[in-house]
Amino acid sequence: MIVWMNRLCWFWLIAAIVVLLGYWTNWIEHWEAGAYSGLVLLSSLIAFSAQGLDKWRANSDRWRISEKWLHFFELIGGWPGAHFAQQFFRHKTAKASYRNLFYILIFVHIAVVVTCLIYFSTNISTTS
């Protein structure tokens, strides 16, 4: 499962970088694509940092970051960064309830993106 998730995360991050570069070079004209790619990259960085900070706080018996916030960053597009942080910091990998919701959020995020792509591509082709 981890190998499959690593590949999916690398694919999603590389695709986000390519789309963002495509938008910056005017190869992709839609600002939404650039905004989404920026959101994925930024939220992945924030999710990675939040997982690391939560792990550090857990080890030093300090106030923890709420799982709701960690899941929020995953849902808005930071799930690749969160996955890599979980592997790197060995954080939240044994808690089954967290992992199950994490996988559900990945599915929901990808389903929303695919639905938007289908919806907007259908509307663009019918209005042209």
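Residues numbered from 1 in each chain as written. Predicted model: local features only at pLDDT ≥ 70, side-chain atom pairs only at ≥ 80, totals over all residues. Heavy atoms only, no water.

1. Observations regarding the packing of helix 1 (residues 2-24) against helix 2 (residues 31-59)
Then, number 1: Packing of helix 1 against helix 2 brings their axes to within 8 Å, and their N-to-C directions diverge by 140°. Taken together, the axis directions place helix 1 and helix 2 in an arrangement best described as oblique. The two elements helix 1 and helix 2 meet at a crossing, and its hand is left-handed. Residues W12, L13, A16, I17, V19, L20 and Y23 of helix 1 form the contact with helix 2, whose participating residues are W31, A33, G34, Y36, S37, G38, V40, L41 and S44.
Then, number 2: Its residues placed into classes, the contact of helix 1 with helix 2 shows twelve nonpolar, four polar and no charged. (Axes fitted to C-alpha atoms, helices over the stretch in contact; angles between N-to-C directions. Helix = DSSP H or I, 4+ residues; strand = E, 2+ residues; numbered from the N terminus. Parallel < 35°, antiparallel > 145°, perpendicular 65-115°, else oblique. Left-handed = near helix turned anticlockwise from the far one by under 90°. Contact = heavy atoms within 4.5 Å. Nonpolar A, V, L, I, M, F, W, Y, C, P; charged D, E, K, R; others polar.)

2. A few points about the nonpolar core
When a protein is soluble and globular, its nonpolar side chains tend to lie buried together.
Then, number 1: Core analysis: the biggest nonpolar cluster contains 15 residues, and M5, W79, F102 and I106 have the highest contact counts within it.
Then, number 2: Elements with a minimum of two residues in this core: helix 1, helix 2, helix 3 (67-89) and helix 4 (96-127).
Then, number 3: Excluding its chain neighbours within four sequence positions, the residues that come into contact with W79 are L8, C9, W12, F73, E74, F102, I106, H109 and I110. (Core = buried A, V, L, I, M, F, W, Y, C linked by side-chain atoms within 4.5 Å. Buried < 20%, exposed > 50% of the residue type's maximum accessible area, 1.4 Å probe, protein only.)

3. Details of the pattern of salt bridges
Then, number 1: Tallied over the entire structure, the rule returns three salt bridges.
Then, number 2: When the shortest N-O distance is used, the salt bridge between R64 and D54 registers 2.9 Å. With a gap of ten residues between them, R64 in the loop between helix 2 and helix 3 and D54 in helix 2 connect regions that are remote in the sequence.
Then, number 3: Judged by its relative accessible area of 34%, R64 falls in the partly exposed class.
Then, number 4: Linked by salt bridges that have partners in common, E67, K92 and K95 make up one network. (Salt bridge = Lys/Arg side-chain N within 4 Å of Asp/Glu carboxyl O.)

4. Here's the deal with a nonpolar patch on the surface
Then, number 1: There is a patch of nonpolar side chains on the surface, built from L75, L101, I104, F107, V108 and V112 and spanning about 520 Å² of accessible area.
Then, number 2: Assignment of secondary structure puts V108 in helix 4.
Then, number 3: Its relative accessible area of 35% is what places V108 among the partly exposed residues. (Patch = residues over 30% accessible without salt bridge, like charges linked within 9 Å, V, L, I, M, F, W, Y side chains within 5 Å. Areas by Shrake-Rupley, 256 points an atom, 1.4 Å probe, with all protein chains shown as cover.)

5. A few points about the packing of aromatic side chains
Then, number 1: Across all of its chains, the model carries nine aromatic pairs by this definition.
Then, number 2: Pairing W12 with W79 gives two aromatic rings, centres 5.5 Å apart and planes at 50°, and the pair type is tilted. On the criterion of sequence distance, the pair formed by W12 in helix 1 and W79 in helix 3 is long-range, its members being 67 residues apart. In this structure, W12 and W79 share a single accessibility class: buried.
Then, number 3: A centroid spacing of 6.0 Å and a plane angle of 40° characterise the contact between F48 and F88, whose relative ring orientation is tilted. Of the two residues, F48 sits in helix 2 while F88 sits in helix 3, which places them 40 residues apart along the sequence.
Then, number 4: According to the relative accessible area criterion, F88 is exposed, its value standing at 60%.
Then, number 5: A connected cluster of aromatic rings, assembled from ring pairs, spans F48, F88 and F89.
Then, number 6: Against the face of Y98 rests K92, its NZ or CZ located 5.2 Å from the ring centre. (Phe/Tyr/Trp six-rings, centres within 6.5 Å; stacked < 30°, edge-to-face > 60°. Lys NZ or Arg CZ within 6 Å of the ring centre and 35° of its normal.)

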